[in-house]
Amino acid sequence: MGIPTVMGAVDLPYTKLDGRELIVDGYHGSVYSDPSPGLKAHYQDIVEEDLQLVAGLEQLKDLPCETLDKHRVALWVNTGLMADAMLSLERGAEGVGLYRTEVPFMLRDRFPSEEEQRLVYREQLQAFAPHPVTMRTLDIGGDKSLPYFPISEDNPFLGWRGIRITLDHPEIFLSQVRAMLKASEDLDNLRILLPMISSIPELEVAQMLIYRAFDELLDEGYNIQMPPIGVMVEVPSAVYQARELAARADFLSVGSNDLTQYLLAVDRNNARVADLYHSLHPAVLRALNTVVRESHSQGVPVGICGELAGDPSAAMLLVAMGFDVLSMNATNLLKVKSVIRCITLERAEKLLAEVMTLPDTESINRCIETTFEACGLTRLLKPKLPE
Ligand code: PEP
Ligand code: MG
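Computed from a prediction, not measured in an experiment: that's the story for all the values here.

Caption draft 1: Geometry of the nonpolar core. Membership of the largest hydrophobic core comes to 106 residues, with the highest contact counts inside it found for Leu194, Leu288, Phe323 and Leu326. If near-sequence neighbours (up to four positions away) are discounted, Leu288 is found in contact with Val254, Leu259, Ile304, Leu308, Leu318, Met321 and Phe323. Grouped together as the second largest cluster of nonpolar side chains are five residues, Leu98, Leu193, Met232 and Phe251 included.

Caption draft 2: Up close: the site of ligand 1. By nearness alone, 14 residues border ligand 1, and Arg100, Arg136, Lys144, Gly255 and Asn257 come closest of all. For ligand 1, an oxygen atom lies 3.1 Å from a polar atom in the backbone of Ser256. Arg268 places a polar side-chain atom, nitrogen or oxygen, 3.2 Å from an oxygen atom of ligand 1. Expressed as a share of its isolated accessible area of 290 Å², the protein-covered part of ligand 1 is 99%.

Caption draft 3: Spatial organisation of the side chain of Ser184. One can find Ser184 in the loop between α6 (170-183) and β6 (190-194). Those residues in contact with Ser184 that lie beyond four places of it in its chain are Arg122, Leu125, Leu190 and Ile224.

Caption draft 4: Spatial organisation of the coordination of the magnesium ion (ligand 2). Distances from the magnesium ion (ligand 2) to its protein donors, namely Glu234 (OE) and Asp258 (OD), fall within the range 2.0 to 2.2 Å. In this pair, Glu234 is assigned in the loop between β7 (229-233) and α8 (236-240) and Asp258 in helix α10 (residues 256-264), connecting sequence segments 24 residues apart. Comparing Glu234 with Asp258 shows no difference in burial state: the two are buried.

Caption draft 5: Fine view of the packing of helix α12 (residues 312-321) against helix α15 (residues 361-374). At a closest axis distance of 10 Å, the pairing of α12 and α15 adopts a crossing angle of 95 degrees. One way to sum up the angle between α12 and α15 is to call them roughly perpendicular. Each of Pro312, Ser313, Met316 and Leu317 in α12 lies in contact with α15, whose residues at this interface are Ile368, Thr371 and Phe372. Of the residues belonging to the contact of α12 with α15, the class tally is five nonpolar, two polar and no charged.

Caption draft 6: Spatial organisation of the packing of aromatic side chains. Enumeration according to the criterion identifies six aromatic pairs in this entry. Between Tyr32 and Tyr43, the ring centres sit 5.6 Å apart and the planes meet at 50 degrees, which makes this aromatic pair tilted. With a gap of eleven residues between them, Tyr32 in strand β2 (residues 30-33) and Tyr43 in helix α1 (residues 37-57) connect regions that are remote in the sequence. Owing to a relative accessible area of 21%, Tyr32 belongs among the partly exposed residues under this scheme. A centroid spacing of 6.0 Å and a plane angle of 80 degrees characterise the contact between Phe105 and Phe111, whose relative ring orientation is edge-to-face. Cluster of aromatic residues (ring-pair linked, three or more members): Phe105, Phe111, Tyr148, Phe149 and Trp160. The ring of Phe251 is capped by Arg191, whose NZ or CZ atom sits 3.7 Å from the centre of that ring.

What counts and how
Residues numbered from 1 in each chain as written. Chains lettered and ligands numbered in written order. Predicted model: local features only at pLDDT ≥ 70, side-chain atom pairs only at ≥ 80, totals over all residues. Heavy atoms only, no water. Core = buried A, V, L, I, M, F, W, Y, C linked by side-chain atoms within 4.5 Å. Buried < 20%, exposed > 50% of the residue type's maximum accessible area, 1.4 Å probe, protein only. Contact = heavy atoms within 4.5 Å. Near = heavy atom within 4 Å. Polar contact = N/O pair within 3.5 Å; in protein donor to acceptor, adjacent residues only side chain to side chain. Areas by Shrake-Rupley, 256 points an atom, 1.4 Å probe, with all protein chains shown as cover. Helix = DSSP H or I, 4+ residues; strand = E, 2+ residues; numbered from the N terminus. Donors = N, O, S within 2.8 Å, 3.2 Å for Na, K, Ca; no water. Axes fitted to C-alpha atoms, helices over the stretch in contact; angles between N-to-C directions. Parallel < 35°, antiparallel > 145°, perpendicular 65-115°, else oblique. Nonpolar A, V, L, I, M, F, W, Y, C, P; charged D, E, K, R; others polar. Phe/Tyr/Trp six-rings, centres within 6.5 Å; stacked < 30°, edge-to-face > 60°. Lys NZ or Arg CZ within 6 Å of the ring centre and 35° of its normal.

Here is the structure:
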């Protein structure tokens, strides 16, 4: 929504902040109370530069997302609320790479019925038609809980989450898939995405259930097409089996938020280890590169829908790796497009080759910064911290 936000600020003395002037720096995760005039001026400049930058990017809205040498990349958006959809359309999104269906589930105090789901999904599909909308099946557990379906576990991120829950409760899965399929009638822009797949049998059982729902609806007289079925690659086992998964699916989509936390063994919501959560860690980049190579070896398109996809500083690397789709929150869409339109694929590949030889995130960030400076793109990087 474009609102600067700081997460995990556990030591913030909230009760003492009432009525005080605050600066919330969402770029660096800092909160300042009673800022000095110098600090205020520093941030006022950043706010103004940001506004100017965003206004200047508006003109890119209807231009294609392609490099200077015409290599095309699809820029899609992540949605959950109808408000996201509206903003995305204003920013010229070409599709939805991740519709988080848990959002409408979280807004209720009980499981929505099949018909209630159909109406919500129809709204999304209609808003974007004829562009594709990738609906992820319910991804609860871990950090996303439903008040009316409590799960208590010692280690929720390694526990019952995503596809594991819905395969144990096929009635939830089937009614959701039926609602999606019914909602797609006469629109045919639905894609279904399966979260937290960690083995081939999980994919096969999910596919079987989707085919069953599809056949039932055809028998019931619905005029629907079989949607493409995709797999989220967000646990390490899926990276190592990307080839086998791609051979059985219609597309892959990397969930870099979870993948990073599982590769680095860093809980993405634990403030104490937040400094260790490096989306541009060499191991993460190597995993992403592998997934693209394996997926393409099967002729299957691959996207990325974690936060990394919307990070302008990662854009050149992701394009060079060969991702077909970058899906992000609408706020970052034009920033990422502007980076991609300023470089050649060759230059991005050169940067990637260099980055892949570096041993740590710090040197990777420095290398990216140097390229951005050389391309005159520094304003698209995070502003510097105040002195
Ligand atoms: C991810 O893990 O990168 C992802 C897109 O899914 P979520 O953030 O909803 O877990
Ligand atoms: Mg995830």
